[in-house]
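Structural characterization, general
Here's the letter readout for the chains.
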Amino acid sequence: MTILSQLNAPPIYLICGGIIAFVAILCVIFLIRAWRAGIALGMDRTKMKRAITASATFSLLPSVGILLGVIALSGSLGIPWPWLRLSVIGALHYETQVAQAAAEQVGMGTLSAAKMTPGSFATIALLMSICIMWGMVLSIFFNKKYTQKLTVKENKAGGGFGDVAMTAMFIGLVSAYMGSYIGGFVSGNGLFTFSGDWTPIAVAAVSALVMAMFVYLAERKKKAWVESFSVAGSMIVGMAAAVVIGLLVK
């Protein structure tokens, strides 16, 4: 039995599917409670139904990005585990980055089913879980104080602390990714000979242009609804660009 057969075994599906079902049931319970609370407040039922329909509709395309993440990780980690991670608490950029970092630390080099062992999977899965659990744990003790800081403390530019923190985090994340892409390109002696791996840089540039287009439509053209599709749209176009570049390079 191969490692992927073990990772896609029925007991793994049962465990992961049970957790996902539990979370889905909680979502339904909160939906029902929210509906009843709206009725108690005297809200218009027609508007409430429209809000539910709009939320469900605009959740479909952004969820494509999650599906793409499950597909991307399933080739090395099986389907149940990425499905669980990205359905409950995980984020696509986090899961792929941590899984790759863990694979490098256990000596695999790259995240690959051919090099995966039960021990390697256990280490990768454990690291993916431990690194992201602190948001939940710390929220129990510090969320109230942190929320007050988000609404009260403002910087000189007029934005809240949360805006500054999120902006700084994403700038650091993007810088780390771009640094690794440029490093891979230069280390392949491609700075002047163009023999290095420039595909990630090109894909990042294409994705950035697509995201800029969504931002332009949302902010300049006042089409706020397209913002819900920006992440998934950028990912899909970026992946398509990677395929096209790969075909052209070959």
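What you see is a predicted model, and the numbers here were worked out from it, not measured in a lab.

Rules behind the numbers
Residues numbered from 1 in each chain as written. Predicted model: local features only at pLDDT ≥ 70, side-chain atom pairs only at ≥ 80, totals over all residues. Heavy atoms only, no water. Helix = DSSP H or I, 4+ residues; strand = E, 2+ residues; numbered from the N terminus. Core = buried A, V, L, I, M, F, W, Y, C linked by side-chain atoms within 4.5 Å. Buried < 20%, exposed > 50% of the residue type's maximum accessible area, 1.4 Å probe, protein only. Contact = heavy atoms within 4.5 Å. Axes fitted to C-alpha atoms, helices over the stretch in contact; angles between N-to-C directions. Parallel < 35°, antiparallel > 145°, perpendicular 65-115°, else oblique. Left-handed = near helix turned anticlockwise from the far one by under 90°. Salt bridge = Lys/Arg side-chain N within 4 Å of Asp/Glu carboxyl O. 1 Å grid on protein atoms, 1.4 Å probe; cavity = no way out; pocket = protein on both sides within 12 Å on 5 of 7 lines; lining within 4 Å. Points joined across faces, edges and corners; volume = space filled by probe spheres on them.

**A few points about the overall build of the protein chain**
Per the secondary structure count, the protein chain includes twelve helices and zero strands. Reading the helices (α) and strands (β) of the protein chain from amino to carboxyl end gives α-α-α-α-α-α-α-α-α-α-α-α.

**What about the nonpolar core?**
Residues Leu 77, Trp 81, Met 116, Phe 121, Ile 124 and Met 128 are the most contacted members of the largest nonpolar core, which totals 20 residues. Looking at this core, the elements with two or more residues in it are α1 (3–7), α2 (10–40), α4 (62–77), α5 (80–88), α6 (92–105) and α7 (118–132). Aside from chain neighbours lying at most four places away, what touches Trp 81 is Cys 16, Phe 121, Ala 125, Met 128 and Ser 129. With five residues, the next largest nonpolar core counts Val 210, Phe 214, Val 226 and Phe 229 among its residues.

**Points about the side chain of Ser 120**
With respect to the helices and strands, Ser 120 occurs in helix α7. If we skip the residues at most four places from it in the chain, Ser 120 touches Val 106 and Met 108.

**Some points on the packing of α2 against α5**
Look at α2 against α5: their axes get within 9 Å of each other, and the N-to-C directions meet at 15 degrees. Taken together, the axes of α2 and α5 are roughly parallel relative to one another. Regarding α2 and α5, the two cross each other, and that crossing is left-handed. On α5, the residues touching Ile 12, Tyr 13, Cys 16, Gly 17, Ile 19, Ile 20 and Val 23 of α2 are Pro 80, Trp 81, Trp 83, Leu 84, Ser 87 and Val 88.

**As for the pattern of salt bridges**
Tallied over the entire structure, the rule returns one salt bridge. With its nearest N and O atoms 3.1 Å apart, the salt bridge here joins Glu 95 to Arg 85. Remark: Arg 85 occurs in helix α5 and Glu 95 occurs in helix α6; sequence separation between them is ten residues. Taken as a pair, Glu 95 and Arg 85 share a single burial class, namely buried.

**Topic: the layout of surface pockets**
Reported here for the largest pocket is a volume of approximately 1700 Å³. As for the largest pocket, its lining consists of 37 residues, and the residues nearest its centre are His 93, Tyr 177, Tyr 181, Ser 207 and Met 235. If you list the elements that add at least two residues to the lining of the largest pocket, you get α4, α6, α9 (161–187), α11 (199–219) and α12 (230–249). Per-element accounting of the lining of the largest pocket gives the leading share, eleven residues, to α11.

Scope: geometric values only; no functional claims are made or implied.
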